[in-house]
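As a plain string of letters, each chain reads:
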Amino acid sequence: MAEITASMVKELREKTDAPMMECKKALAEAGGDLARAEEILRVKLGNKASRAATRVTAEGVVGIWLSDDRKLGAIVEVNCETDFVARNDDFLAFVRELAELVARRDPADVAALSALPMGEATVETTRSALVGRIGENMSIRRFARIPAEGRLSSYVHGGSKIGVLIDVDGGDEALAKDLAMHIAAGKPKALSKEGVPAADVERERSIATQKAAESGKPAEIVAKMVEGTVQKYLKEVTLLGQPFVKDDKLTVEQLLKQRGARVARFELYVVGEGIEKKQSDFAAEVAAQAAAAAGR
């Protein structure tokens, strides 16, 4: 049997907000598999076990660039170690220039972007020089370039911690801006159910099946319960299925039909999403330093 360490319990608790003993039991049942333990807790405790899974744990900003005619745009996430650097003027200028480079040069990936010229140097040498000048590491995490089918609109929130770039065909600028703000609030995974990763759907189906099986109802009822849960999940995580943030009597899909518009594509970046930030134990560090000093 795999050893269940205190750090494993702590990590699962931070991800799920579940009681510590429940986390330990789930890890034991899962044989130390963190992902499986999280699934077990969700079966037992419901969706509240995933509340903390979206906590942002890295610093940085999202940068967005739009052409004057709103027909071309780019969005980029650049990470750093502290929020202090995320507000640094040189760092922010670097991010803005990166977003424009992505739009104008269309690099294939981060490595290709890093090799592009930036002024008299390359992106990578500019980044390295900035690291040396500021004294803090920073990295280009991801980017997307959107040539619009309609017109682009954008929205940034929380000191550029959340950024949205959306391509809306039809409607007007006010509608596009409202939709961008909705995406920042609702954080959909995809435009429609077809875009939700199959692995995510299967995970929700597995959890729903396990929970429904505990009801003791007949198999055909259980199947309907599972399908109902999956469909509810798909509405919650897709832009078209979500209730519109400014009028929850309408779904976004219904709103678009009313306004004669469609969303061709959107990109949502949340700084640090999915990145685990190193957590330091200040008391332990002080104790270790004191012990080392005493030993000298």
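See the structure above.
Quick notes on the rules
Residues numbered from 1 in each chain as written. Predicted model: local features only at pLDDT ≥ 70, side-chain atom pairs only at ≥ 80, totals over all residues. Heavy atoms only, no water. Salt bridge = Lys/Arg side-chain N within 4 Å of Asp/Glu carboxyl O. Helix = DSSP H or I, 4+ residues; strand = E, 2+ residues; numbered from the N terminus. Buried < 20%, exposed > 50% of the residue type's maximum accessible area, 1.4 Å probe, protein only. Pairing = 2+ DSSP bridges. Arc of directions from axis to C-beta. Core = buried A, V, L, I, M, F, W, Y, C linked by side-chain atoms within 4.5 Å. Contact = heavy atoms within 4.5 Å.

This part is about the pattern of salt bridges. In total, this model carries 22 salt bridges according to the counting rule given. A salt bridge links Glu173 to Arg151; the shortest N-O distance between them is 3.7 Å. Residue Glu173 is located in helix H8 (residues 173-186), and its partner Arg151 is located in strand S6 (residues 151-157); the two are separated by 22 residues in the primary sequence. What makes Arg151 partly exposed here is its relative accessible area of 40%. For the salt bridge of Asp200 with Lys189, the shortest nitrogen-to-oxygen distance reads 3.8 Å. Placement of Asp200 in helix H9 (residues 198-213) and of Lys189 in the loop between H8 and H9 is noted, with a sequence separation of eleven residues between them. Classification of Asp200 by relative accessible area gives buried; the value is 13%. One salt-bridge network, in which partners are shared between bridges, spans Glu59, Asp83, Arg87 and Lys161.

The next subject is unusual backbone geometry. Of note in the backbone geometry, Arg70 takes a positive phi value of approximately 60° without being a glycine. Mapped onto the fold, Arg70 is located in the loop between strand S1 (59-66) and strand S2 (72-80). Classification of Arg70 as partly exposed rests on a relative accessible area of 25%.

For the rest of this paragraph, the subject is the pairing of S6. Strand direction decides the pairing type here: S6 and strand S7 (residues 162-169), joined by seven bridges, are antiparallel. By the bridge assignment for S7, Arg151 is matched with Val168.

Along helix H1 (residues 6-16), the residues classified as buried are Val9, Leu12 and Thr16. The buried residues of H1 all sit within an arc of 70° when viewed along its axis, so they share a single face. Seen from the open side of H1, the exposed residues pointing more than 90 degrees away from its buried face are Ala6 and Ser7.

Core analysis: the biggest nonpolar cluster contains 26 residues, and Val76, Phe91, Phe94, Leu98, Leu113 and Val123 have the highest contact counts within it. If we ignore the near neighbours within four places in the chain, the residues touching Phe91 are Val61, Val78, Asn79, Cys80, Val85, Ala86, Leu130 and Met138. The next biggest cluster of nonpolar side chains, apart from the first, holds 23 residues, and it includes Ile162, Val164, Leu255 and Phe266.

Everything listed is a geometric property; what it means functionally is a separate question.
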